[in-house]
Structures are given as C-alpha cells and as structure tokens.
Amino acid sequence: MTSLDPKSLPLSRYLPRRAVRLPTTEKRHAAIPCVDIHNHLGKWLTGDGTWMTPDVAELIRIMDRCQVDHIVNLDGRWGTELQENLERYDLAHPGRFSTFCHVDFRVLAERGNATQTLVDQLHEAAKVGARGLKVWKNLGLEFRDQRGELVLPDDDRVAPVFDAAAELDLPVLIHTADPVAFFEPIDQHNERIEDLATNPDWWFGKPGLPTFDRLIDALEAVVAGHPRTTFIAAHVGCAAEDLRRVSRMLTAYENLHVDLGGRMPELGRQPRAARRLIVDHPRQVLFGTDLYPVVEQEYHRWFRFVETDDECFGYAPDDEIPPMGRWDISALDIPASHLAALYAGNARRILRLPVS
Ligand SMILES: [Zn+2]
C-alpha cells in the first residue's frame, strides 16, 4: 500500500473511489425501442474533417443491440456537407436516421439581405431532405452583424427563419447559453472549474457578451413569439440547473419541448425534481443522449439512469475525473407508464416517424 502526503496531492490527480456499496442494475438495452433525439454523427465537430462515426454498420449493430431504433443527427450543416450526411445516414439506412441542417449565420455579417439568404438556405435544406433545423449556441455568443454587434436568438432579423421552419414543418432543436457555470467568474466557487481549465474557450463571462439570463430570456421570447414552430430546447431546456423555470416554460408554451441530451450529471444530482419534470410534462420531454462518438456502454448507463432506481453511481467511467463536476448521480426511476412517450412517442410525433 502506497501512501502520500495528502497536502501534496493536486486536485487534477484526485480520483476517489466511492465506499458506498449498492447493487448495480444492468441495462443493456432500452425497455422499448427508443429514439435518440440528440446526437452528432457528422464531420464538423471532429476537427479534422473525418466522420464522427467512421463505421456506420457498427453503429447500426450497436443501435440494434441497445434498441435504439432511430438517431437524430444534428450535424447536417448545409450544401454539400448536408448532402453527404443525408446520403450516409438517412438515405442509406431508411427509418434509422434523421439529419437536421444548420443555416450559415455568418451571412449576418455580410452585405445584402442576410435574412432572405438564411430563409433560402432552410428551404433548400428541406428540399434535399433535412428533417429539422439545429441552432447552436454560437447564435447569441459569436455571430455578429455588419456593424459588429452580436445577433441574439430573439433578433428580428432571425425571426423569419423560425417562421420558415414552421411552414416547412421542420422542428427547431436549439441550444442557447447553458450551462450557467460557463457565465460565472472563474474562481474557487465555480462548479465547472476543472472543465473550464481543460476547455478555456467555453467560458463566456467575458465583458461584451450577454449574460446567461439575457440569453435564456431570448430563448423564451423566441418560443413565445413563434407559437406555430415546434421547438426542442436542448439539454433540458438549456436550463437543467433550474428545473422550476423549465417546468414553467413547458406549461406556458405548448410548442416547447426539451431533450435530456448530455445532462445526466445535472439531472442525476436532482433525481426527484427531474422525475417530476418528466412526469408533469409527459408530451414535452424527449430522450436524447448527446453521446458522441457513440459508445455502447454509455448507452447502457443512460438506460440504467432513466429506468432504474439505482443510487449513487458515476455518470462517467470510474477511472475518469467526472468532467462536469465531482458528484455522483442517482437514477430517475421513470414509471413504465411514462417511458413510451419519453423514449419514442414524443419524438415520433415531432419527427413524423411511423409508430413502430
Ligand atoms: Zn449536442
């Protein structure tokens, strides 16, 4: 047995093993065939132009074993890249994938009618087969107009894009601001400090950027201002730290939905509040993982998290420092009566997929 001077141990090497002993409920597949509404299968996030999932046949084998019937690929982008995504997934494997497009908000900084260009891009994407629009959080934090001003999601120049989405029957999956800690001072109180140390670009507390609250208010204004457009606010409404606000918004806006993508850590530290949200809004919460590249064991963890009443387990592999904060999670124990809608029914309705 080795020992060290505890005072000399840096936080970055601290990896405690939990002493609590509890049973582990293995879930190797979803209880019913499910739809993963939030995933990334494209090229733009790998950084080197390769596909996130190099072997599609292997991905489909994992999906089959896990009872993941359908995956939404949020990485369609536009133009040739959209076409490549559609050919690789939606067209090559009918019924298994829906690719969402992006629009190129960089045109807001160019001369001419940027709004019309964005609307035209969306029409073009719908025509070639995009099944929805993904709006990333760089709308509000990065894209600027010709005068150099940031364009927020509730800007009048963006509004016609959301109207066009309604006309084209394309749901809009939107990520704004979240998480809260990325807007707070980097100091000893910041709960994501290790995450921010690894990814300093993720910090938005800099002067000149909108606050978290301004951005979430913009998201709400967009949802309220476009009642005919179907919105899926990513990562539990972009406010997983404040489920009372998410619940209030879901009650107020029938056109609003939320996915669970990437927020197992947040929900798992408030499992009773999270369960309540899902039970109270049975038509508006969608299963999604944001698990990329897909790892089969991580799907297993999601099913354990959704379906069982296991307590005090890791949201990341035990040999890794938990990236989103050093805490354990407890599972949601979603009642069987609510699993069908959460796992598949709501997504199938929104994506216009046949009922399996
Ligand atoms: Zn994502």
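Since the structure is predicted, the reported quantities are computational estimates derived from the model, not experimental observations. (Residues numbered from 1 in each chain as written. Predicted model: local features only at pLDDT ≥ 70, side-chain atom pairs only at ≥ 80, totals over all residues. Heavy atoms only, no water.)

Student: So what's going on with the overall build of the protein? Residues and values would help.
Tutor: When helices and strands are tallied, the protein shows 12 helices and eight strands. Its C-alpha radius of gyration of 20 Å places the protein within 12% of the 21 Å reference for a compact globule of 356 residues. Along the three orthogonal principal directions, the C-alpha set of the protein runs to about 70 × 50 × 40 Å. Burial status across the protein gives 53% buried among its 356 residues. Residue pairs in contact within the protein that sit at least 24 positions apart in sequence constitute 75% of those at least 6 positions apart. Summed over its atoms, the accessible surface of the protein is roughly 16,800 Å², and 51% of this surface lies on carbon and sulfur atoms. Each charge class in the protein was averaged separately, 41 positive and 54 negative side chains, and the resulting centres sit 2 Å apart. (Helix = DSSP H or I, 4+ residues; strand = E, 2+ residues; numbered from the N terminus. Rg over C-alpha atoms; globule rule 2.2 N^0.38 Å. Buried < 20%, exposed > 50% of the residue type's maximum accessible area, 1.4 Å probe, protein only. Contact = heavy atoms within 4.5 Å. Areas by Shrake-Rupley, 256 points an atom, 1.4 Å probe, with all protein chains shown as cover. Lys, Arg positive; Asp, Glu negative; His and termini not counted. Charge placed at Lys NZ, Arg CZ, Asp CG, Glu CD.)

Student: Give me the lowdown on the packing of helix H3 (residues 114-128) against helix H4 (residues 159-167), citing residues and values where you can.
Tutor: The contact between H3 and H4 brings their axes to 9 Å, and the two run at 25°. Comparing their axes, H4 and H3 come out roughly parallel. Between H3 and H4 lies a crossing of right-handed hand. Only Pro-160, Val-161, Ala-164, Ala-165 and Glu-167 of H4 make contact with H3, whose side of the interface consists of Thr-115, Leu-118, Val-119, Leu-122 and His-123. (Axes fitted to C-alpha atoms, helices over the stretch in contact; angles between N-to-C directions. Parallel < 35°, antiparallel > 145°, perpendicular 65-115°, else oblique. Left-handed = near helix turned anticlockwise from the far one by under 90°.)

Student: How would you explain the packing of aromatic side chains if you had to name every residue and give the values?
Tutor: Per the counting criterion, the structure on display carries 15 aromatic pairs. Relative to Phe-143, the ring of Phe-105 has its centre 5.7 Å away and its plane inclined at 45°; by these criteria the two rings are tilted. Placement of Phe-105 in the loop between strand E3 (97-101) and H3 and of Phe-143 in the loop between strand E4 (132-135) and H4 is noted, with a sequence separation of 38 residues between them. With respect to class, Phe-105 is no different from Phe-143; both count as buried. (Phe/Tyr/Trp six-rings, centres within 6.5 Å; stacked < 30°, edge-to-face > 60°.)

Student: Describe the coordination of the zinc ion, listing the residues and the values that go with them.
Tutor: For the zinc ion, the full set of protein donor atoms is His-38 (NE2), His-40 (NE2) and Asp-290 (OD), and the range of their distances to it is 2.1 to 2.3 Å. Positions of the donor residues of the zinc ion along the chain correspond to the pattern H-x1-H-x249-D. Of the two residues, His-38 is situated in strand E1 (residues 34-39) and Asp-290 in the loop between strand E8 (285-286) and helix H11 (296-307); the sequence distance between them amounts to 252 residues. (Donors = N, O, S within 2.8 Å, 3.2 Å for Na, K, Ca; no water.)

Student: Just give me the short version of the side chain of His-40, but keep the residues and values in it.
Tutor: Among the structural elements, His-40 can be located in the loop between E1 and helix H1 (56-66). Assessed through its relative accessible area of 5%, His-40 is described here as buried. In this structure the side chain of His-40 is engaged in a polar contact, spanning 2.7 Å, whose partner is the side chain of Asp-75. Engagement of the side chain of His-40 in a polar contact is seen with the side chain of Asp-290, the distance being 3.0 Å. Those residues within four positions of His-40 in sequence are excluded, and the remaining contacts are Leu-45, Met-52, Asn-73, Leu-74, Asp-75, Lys-134, Asp-290 and Tyr-292. (Polar contact = N/O pair within 3.5 Å; in protein donor to acceptor, adjacent residues only side chain to side chain.)

Student: Quick one: what's the story with the pattern of salt bridges, residue by residue and with numbers?
Tutor: Counted under the stated rule, the structure contains 25 salt bridges. In this structure, Arg-65 and Glu-58 form a salt bridge, with 3.8 Å as the shortest nitrogen-oxygen distance. As a salt-bridge pair, Asp-104 and Arg-106 come within 2.9 Å of each other at their nearest N and O atoms. When salt bridges with common partners are traced through the structure, they connect Glu-58, Arg-61, Arg-65 and Glu-296 into a single cluster. (Salt bridge = Lys/Arg side-chain N within 4 Å of Asp/Glu carboxyl O.)

Student: Tell me what's going on with unusual backbone geometry, and back it up with residues and numbers.
Tutor: Backbone phi values are negative for most residues with the exception of glycine, while trans is the configuration of most peptide bonds. Cis geometry is found at the peptide bond from Asp-178 to Pro-179, where omega equals 5°. Assignment of secondary structure puts Pro-179 in the loop between strand E5 (172-174) and helix H5 (193-198). Here the bond from Tyr-292 into Pro-293 is cis, since omega is -15°, no more than 30 degrees from zero. The backbone of Asp-169 shows a phi angle near 60°, a positive value even though the residue is not glycine. Summarising the element assignment, Asp-169 is placed in the loop between H4 and E5. Of note in the backbone geometry, Ala-177 takes a positive phi value of approximately 65° without being a glycine. Residue Ala-177 is classed as buried on the basis of its relative accessible area, which comes to 1%.

Student: Provide a residue-level description of the environment of Glu-320, including the pertinent values.
Tutor: With respect to the helices and strands, the residue Glu-320 is situated in the loop between H11 and helix H12 (336-351). Since its relative accessible area comes to 40%, Glu-320 is described here as partly exposed. When the C-alpha atoms of Glu-320 and Leu-15 are compared, they prove to be 7.6 Å apart, with 305 residues separating the residues in sequence.

Student: Describe in detail the state of the cysteines, supporting the description with residues and values.
Tutor: Taken as a whole and assessed by the stated rule, the structure comprises zero disulfides. With no disulfide partner, Cys-34 has as its closest neighbouring cysteine sulfur the one in Cys-66, 8.2 Å distant. With a relative accessible area of 0%, Cys-34 lands in the buried category. (Disulfide = S-S within 2.5 Å.)

Student: Please set out the nonpolar core residue by residue, giving values where relevant.
Tutor: Nonpolar side chains in soluble globular proteins tend to be buried together. Counting residues in hydrophobic clusters, the biggest one holds 95 residues, and the most contacted among them are Phe-105, Leu-122, Tyr-299, Phe-303, Phe-305 and Val-306. Ignoring any residue separated from it by four or fewer positions in sequence, one finds Phe-305 in contact with Met-264, Leu-267, Gly-268, Phe-313, Ile-329, Ser-330, Ala-331, Leu-332 and Asp-333. Of all hydrophobic cores here, the second largest spans 14 residues; its members include Val-35, Leu-74, Ala-234 and Leu-286. (Core = buried A, V, L, I, M, F, W, Y, C linked by side-chain atoms within 4.5 Å.)

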